[in-house]
Amino acid sequence: MSVALRNAQRAVPVRRAALRRAVCALRAALGASRFDVGLVCASNALMQRLNGAYRHCPEPTDVLSFPFHQVAAGELPRPCCRGEYNLGDIFLGVEYIHQQCRETGENFDDVLTVTAAHGLCHLLGYRHDTKPEWEQMYQKEAQILGELNRITGSRLRPLTAGLF
């Protein structure tokens, strides 16, 4: 299945092919290769509008996930037909992430990939509202990033490190 990637911003250059490959590998590590995923690289303005509309927090953010299915953490959806082989959409706040990377000195492409992993976990029901939920999500992110690290030789760590 596919990863549909759309760059809906112009402020920050995005290496789309590399990001698509990473998301495909992460999706495989989650056992969800047969599901489609939508990925949108968004501006601060779009992220602010979406965050305000859906989370009542009208400010830019790094990632928003909109699952197609409601599943418990770690469960794969059970589609009834071909049209339901969709995990959902991930909006990456590319401008926001780029600004954070400039401030911290982190590698933008690495943080973008880690943020996409975080978004994928949200599509599969993982949350981080409580410490037990955070621990479960952190472990899943570490697992799938570990698989990506093994394949690519990178050293990526979960986005939720140190949240609690």
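For the structure itself, consult the block above.
A short tour of the structure in this document, coming up. Counting of residues starts from 1 at the beginning of each chain's written sequence and follows it residue by residue. Local features in a predicted model are, by the rule used here, given only for residues with pLDDT of at least 70; side-chain atom pairs are given and counted only at 80 or more, and totals for whole chains, interfaces and linings are based on all residues. Hydrogens and water are ignored here; the side-chain numbers use all heavy atoms of the structure.

## Here we look at the overall build of the protein chain
Okay, so step 1: Only runs of H or I of at least four residues qualify as helices and only runs of E of at least two qualify as strands under DSSP, and these elements are numbered from the N terminus. Within the protein chain, the regular secondary structure consists of five helices and four strands.
Okay, so step 2: Start at the N end of the protein chain and walk to the C end: the helices and strands fall as β-α-β-α-β-β-α-α-α.
Okay, so step 3: Both definitions apply: the radius of gyration is a C-alpha atom measure, and the globule rule equals 2.2 Å times residues to the power 0.38. Relative to the compact-globule value of 15 Å for 164 residues, the protein chain shows a C-alpha radius of gyration of 15 Å, a close match.
Okay, so step 4: If one aligns the C-alpha atoms of the protein chain with their principal axes, the spans along those axes are about 40 × 35 × 35 Å.
Okay, so step 5: Taking all 164 residues of the protein chain together, 45% fall into the buried category.
Okay, so step 6: Taking the intrachain contacts of the protein chain between residues at least 6 apart in sequence as the baseline, contacts between residues at least 24 apart amount to 66%.
Okay, so step 7: When the accessible area of the protein chain is evaluated, it comes to approximately 8800 Å², of which 47% is carbon and sulfur surface.
Okay, so step 8: The positive count covers Lys and Arg only, the negative count covers Asp and Glu only, and His and the chain ends enter neither. The atoms used to mark charge sites are NZ of Lys, CZ of Arg, CG of Asp and CD of Glu. Computed over 19 positive and 16 negative side-chain charges, the separation of the two mean positions in the protein chain equals 6 Å. Any residue under 20% of the maximum accessible area for its type is buried, any over 50% is exposed, and the rest in between are partly exposed; the area is computed with a 1.4 Å probe on protein chains only. Residues are treated as being in contact if the distance between any of their heavy atoms lies within 4.5 Å. Exposure was quantified through the Shrake-Rupley algorithm and a 1.4 Å probe, taking into account, for residues, occlusion by the shown protein chains and nothing else.

## Here we look at the environment of L26
Okay, so step 1: Topologically, L26 is positioned in helix α1 (residues 16-29).
Okay, so step 2: Residue L26 is classed as buried on the basis of its relative accessible area, which comes to 1%.
Okay, so step 3: Each C-alpha atom of the pair L26 and Q143 lies 9.7 Å from the other, and the pair is 117 residues apart in sequence.
Okay, so step 4: Among residues more than four places away in sequence, those in contact with L26 are T113, A117, L120, I144, L145 and L148.

Everything listed is a geometric property; what it means functionally is a separate question.
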